[in-house]
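Observations on chain architecture
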Amino acid sequence: MSSKGVTIKNLVKVFPGRGLHEKEMRAVDDVSLTIEPGEFITLLGPSGCGKTTTLRMIAGFERPTAGDIFLGDERINQMSPDKRDTAMVFQSYALFPNYNVWDNIAYGLKLKKLSGQEIQGKLEGILKLVGLTGLEKRAINQLSGGQQQRVALARALVMEPGVLLFDEPLSNLDAQLRVQMRTEIRKIQKKLGITAIYVTHDQSEAMSMSDRIVVMKNGRIIQAGSPKEVYYHPRDLFVASFLGTANFLKGEIRRREGDHIDVCLNGEIVPDVEYGGEGKPGDPCTLVIRPEACHIAEQGLIPVELTLSTFMGSYQYYEAKCGDDTVMVHENNPKNKKEYQAGENRYLNLDIADIYGL
Ligand code: ATP
């Protein structure tokens, strides 16, 4: 299997409006992206942001309105899907219901006119890889959702494509199985070193699987970076709110030195916060504060009133009133920590190194 890189240059897809009153839809709007061979990249964003359309253009199911797509060095804009060195795993699995597991997976190899012996060899390897050995003769309707998804994955992998494309492949599985399958897909992808482009609107899927996450909105890329980059250094409030949970507290910049600021928050100074904005002293700013960077204590930085205190198992969840804002607090590993109650007046402390200003 020789994995390939993908380069997208100024890609645009406009769907014409249907009828008199429907306006045309700019589903993908000037998207440029370079995906390295062997990289696992996730297109993440809310429904309608253009991630599926981008993936379908790479697969060849949609023609770009403008822009270019390269697979390795080859421009593939006009190439039909079956000629592209890509394989897609669909949300709906798209298996042949009348074929058994073996015939579903072998289908593409038979079209390629491989010998029976070659097919046998490849299938045995792939069945083992995805954990389906022993189920070869099963009909598709006698498989669980997770097993069907494995068949879909095997059917794509057995073609040894240069790039593997995933369109929300785990959406139809229950929560526990989703977590198990995402780990397995990532393991297999790493083992084979295959390039993967994965579409999802599930941020935990994106965070746990990807080398790089591409956050999209309204047909455009807002930010592309490693899971840690987009989580800790979101480009804007949209990215910050889309990845994980965050408090957004409004303050005023009091001092700026390079990319660090002192911020006045509710009359108190929060010193030396990392800052990604353009503001100067006197300007407003927003602090992006993850709940796990907040702590409740007897003494500290900002006086607050607790309005909620709930045991969540791995953390104690507090809501603390701070001026007009309500701050969410996750006190992790709470077993041996003091537990505060709703109605108490306490202090909010912050892990300042984990806060980001915008
Ligand atoms: P979802 O997670 O809901 O699938 P998405 O981010 O994948 O969303 P796309 O499916 O790429 O979004 O759709 C982007 C926009 O283009 C949406 O507004 C959608 O309604 C529109 N769109 C997609 N396909 C077509 C089509 N064939 N004709 C007209 N409009 C379309």
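Please read these numbers as outputs of a predicted model, since none were measured by experiment.

1. A few points about the packing of helix H2 (residues 101–111) against helix H4 (residues 145–157)
In a pair of packed helices, the angle between the axes and the distance between the axes together describe the arrangement. Viewed as axis vectors pointing N to C, H2 and H4 meet at an angle of 25 degrees, and their least axial separation amounts to 8 Å. The orientation of H2 relative to H4 falls into the category roughly parallel. Once H2 is placed against H4, the crossing between them reads as right-handed. In this structure, H2 contributes Val101, Asn104 and Ile105 to the contact, and H4 contributes Val151, Ala154 and Arg155. Considered class by class, the residues forming the contact of H2 with H4 number 4 nonpolar, 1 polar and 1 charged.

2. Comments concerning the domain arrangement of the protein
In terms of domains, the protein is made up of domain 1 (6–240) and domain 2 (245–357). When each unit is reduced to the centre of its C-alpha atoms, the spacing between domain 1 and domain 2 is 39 Å. The interface of domain 1 with domain 2 comprises 6 residues on the first partner and 8 residues on the second. Linking domain 1 with domain 2 are 0 salt bridges. Here domain 1 is connected to domain 2 by 4 residue pairs in polar contact (both at pLDDT 80 or more). Residue assignment for the side of domain 1 that touches domain 2 shows that the elements contributing at least two residues are helix H7 (227–232) and helix H8 (237–242). Looking at side-chain class alone, the side of domain 1 that touches domain 2 contains 5 nonpolar, 1 polar and no charged residues.

3. Digging into the packing of aromatic side chains
Two numbers describe a pair of aromatic rings. These are the distance of the centres and the angle of the planes. Enumeration according to the criterion identifies 10 aromatic pairs in this entry. Geometrically, the ring pair formed by tyrosine 99 and tyrosine 107 is tilted, given 6.3 Å between the ring centres and 45 degrees between the ring planes. Relative to tyrosine 340, the ring of tyrosine 318 has its centre 6.4 Å away and its plane inclined at 55 degrees; by these criteria the two rings are tilted. Of the two residues, tyrosine 318 is situated in strand E17 (residues 315–322) and tyrosine 340 in the loop between strand E18 (325–332) and strand E19 (345–350); the sequence distance between them amounts to 22 residues. We note that tyrosine 318, like tyrosine 340, is buried. What links up through ring pairs into an aromatic cluster is the set Phe40, Phe166 and Tyr198. Above the plane of the ring of phenylalanine 96 lies arginine 155, whose end atom (NZ or CZ) is 5.7 Å from the centre. A cation sits over an aromatic face here: lysine 217 above phenylalanine 238, 4.7 Å from the ring centre.

4. A closer look at the pattern of salt bridges
One pass over the structure, following the stated rule, counts 21 salt bridges. With a closest N to O distance of 3.1 Å, lysine 122 and glutamate 160 form a salt bridge. Here lysine 122, found in helix H3 (residues 116–130), pairs with glutamate 160, found in the loop between H4 and strand E7 (163–167); they are 38 residues apart in sequence, far enough to count as distant. Classification of lysine 122 by relative accessible area gives partly exposed; the value is 30%. The partly exposed category is assigned to glutamate 160, whose relative accessible area is 35%.

5. So, the site of the ligand
The environment of the ligand is formed by 13 residues, the closest being Ser47, Gly48, Lys51, Thr52 and Thr53. Residue glycine 50 places a main-chain N or O atom 3.0 Å away from an oxygen atom belonging to the ligand. Taking threonine 53, its side chain carries an N or O atom lying 2.5 Å from an oxygen atom of the ligand. Here the ligand has 630 Å² of accessible area as a free molecule, and 66% of this is covered by the chains. Breaking the shell around the ligand down by element, the ones donating at least two residues are strand E2 (25–35) and helix H1 (51–59). Looking at which element gives the most residues to the shell around the ligand, the answer is H1, with 3 residues. When its residues are assigned to classes, the shell around the ligand shows 5 nonpolar, 5 polar and 3 charged.

What counts and what doesn't
Residues numbered from 1 in each chain as written. Predicted model: local features only at pLDDT ≥ 70, side-chain atom pairs only at ≥ 80, totals over all residues. Heavy atoms only, no water. Axes fitted to C-alpha atoms, helices over the stretch in contact; angles between N-to-C directions. Helix = DSSP H or I, 4+ residues; strand = E, 2+ residues; numbered from the N terminus. Parallel < 35°, antiparallel > 145°, perpendicular 65-115°, else oblique. Left-handed = near helix turned anticlockwise from the far one by under 90°. Contact = heavy atoms within 4.5 Å. Nonpolar A, V, L, I, M, F, W, Y, C, P; charged D, E, K, R; others polar. Domains from an automatic or database assignment. Salt bridge = Lys/Arg side-chain N within 4 Å of Asp/Glu carboxyl O. Polar contact = N/O pair within 3.5 Å; in protein donor to acceptor, adjacent residues only side chain to side chain. Phe/Tyr/Trp six-rings, centres within 6.5 Å; stacked < 30°, edge-to-face > 60°. Buried < 20%, exposed > 50% of the residue type's maximum accessible area, 1.4 Å probe, protein only. Lys NZ or Arg CZ within 6 Å of the ring centre and 35° of its normal. Near = heavy atom within 4 Å. Areas by Shrake-Rupley, 256 points an atom, 1.4 Å probe, with all protein chains shown as cover.

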